[in-house]
Amino acid sequence: LHRSIMKIAAAALLLAASADAFTAPRVHNSRTTTSLSVTQADLDGAQGMVDDILKTKNCGPVMVRLAWHDSGTHDCSITEEWPASGGAIGSIRFDPEINHGANAGLASAVKILEPVKEKYPDVSYADIFQMASARGIELAGGPKIDMKYGRADATGPEQCSPEGNLPDAEAGPEGKFGGAGGTASTEDESAAGHLRKVFHRMGLDDEAIVALSGAHTFGRAYADRSGLGAEKTKFTDGSATKLADGSDTTSYTPGGSPWVENWLVFDNSYFTTITDESTDEELLKLTSDKCLWEDEKFAPFATKFADKDAFFESYAKAHKALSELGSKFEPIE
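Cut-offs used in this document
Residues numbered from 1 in each chain as written. Predicted model: local features only at pLDDT ≥ 70, side-chain atom pairs only at ≥ 80, totals over all residues. Heavy atoms only, no water. 1 Å grid on protein atoms, 1.4 Å probe; cavity = no way out; pocket = protein on both sides within 12 Å on 5 of 7 lines; lining within 4 Å. Points joined across faces, edges and corners; volume = space filled by probe spheres on them. Helix = DSSP H or I, 4+ residues; strand = E, 2+ residues; numbered from the N terminus. Nonpolar A, V, L, I, M, F, W, Y, C, P; charged D, E, K, R; others polar. Salt bridge = Lys/Arg side-chain N within 4 Å of Asp/Glu carboxyl O. Buried < 20%, exposed > 50% of the residue type's maximum accessible area, 1.4 Å probe, protein only. Phe/Tyr/Trp six-rings, centres within 6.5 Å; stacked < 30°, edge-to-face > 60°. Lys NZ or Arg CZ within 6 Å of the ring centre and 35° of its normal.

Engineer: I would appreciate a short explanation of the layout of surface pockets in the present structure.
Structural biologist: With a probe scaled to a water molecule rolled over the atoms, the places where space remains empty come into view. In this structure, the largest pocket spans a volume of roughly 210 Å³. For the largest pocket, the lining is made up of 13 residues, of which L54, N58, L139, A140 and L243 are closest to its centre. The set of elements that each furnish at least two residues to the lining of the largest pocket consists of α1 (40-57), α2 (60-71) and α4 (125-139). Within the lining of the largest pocket, the residues separate by chemical class into nine nonpolar, three polar and one charged.

Written as structure tokens, this is what we have:
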């Protein structure tokens, strides 16, 4: 499948992780796949573990992708009983969803987070995935996101969403973006039209589409995952890259193509790089990126987000909305 790194506006947020097939993780106790009675102490402990993982492995980008691909299956037109509409319900941990083409490489991201679930079994997978995404953004210098926790988990593979709900960055062999799969067709002759069909199906608007696209500032695309990007670039060849605190690191798996030079820092450089013709030719500029400035309704937001504060304000709102799509929340003790 010629799938894009634009999966949920951040499909390129990949780290080198195994694309091996993956099935549901073991059940840690009788409540791990039901409505949980989670405490704030457990959530705080889980966040501490998540932060340590993110700092040690520099794996924030792939955690953003994992969470977005879990929540991005949501279809707001489906009114059947939860969790029929998909969304941030933790179903991505199950086969067949984890083995959908758009989710290549995400099995390893789930495995990285398993120790958190083992130590804090009452924290749902859905919460852990979304927590890792939000904390990945914040620790990389991005905005603080007003996250809500207490999500219930999907109970099994039968509650997985159908394949085809996530977006493409480039057109397929027939010159069209998207397809007829998923819960509703996302096929369109234009990238902008395709993105609207995907994100409007979730209940998100044009501003959210552009804001979430800005997360391409964080991470890389891999040819063996999305069909796009180089094996490696001068920015991802194992040489030092900057972190949010201004220090450099070589602690990452080499490979892939970034959109910006400092791809482990979350800022608004995506919105100042895509339209700059003088930028390095090894940086990605995909059709789904460029359309944000070409489409008359997207363009005002893309231009506005050249201002970092404006971007962060809109991004934090869009990320929160995406993280809650389709979720059923239980009280936190």
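Engineer: I tried to follow the pattern of salt bridges on my own but got confused; where do I start?
Structural biologist: Evaluation of the coordinates by the stated rule reveals 12 salt bridges. For D127, the salt bridge goes to R151, with nearest N and O atoms at 2.7 Å. Here R151 lies in the loop between α4 and α5 (191-202) and D127 lies in helix α4, a separation of 24 residues in the sequence. Across the pair, R151 and D127 agree in class, each one buried. The residue K320 makes a salt bridge to E324 at a minimum N-O spacing of 2.7 Å.

Engineer: Please clarify how the packing of aromatic side chains should be interpreted in this entry.
Structural biologist: To describe a pair of aromatic rings, one takes the distance between the centres and the angle between the planes. All chains considered together, the criterion is met by 16 aromatic pairs. Through successive ring pairs, a cluster of aromatic residues spans W68, F218, F266, Y270, F271, W293, F301, F305, F311, F312 and Y315. Above the ring of Y125, the side-chain terminus of K117 is found at 5.0 Å from the ring centroid. Between the NZ or CZ atom of R196 and the centre of the ring of F298, over which it lies, the distance is 4.1 Å.

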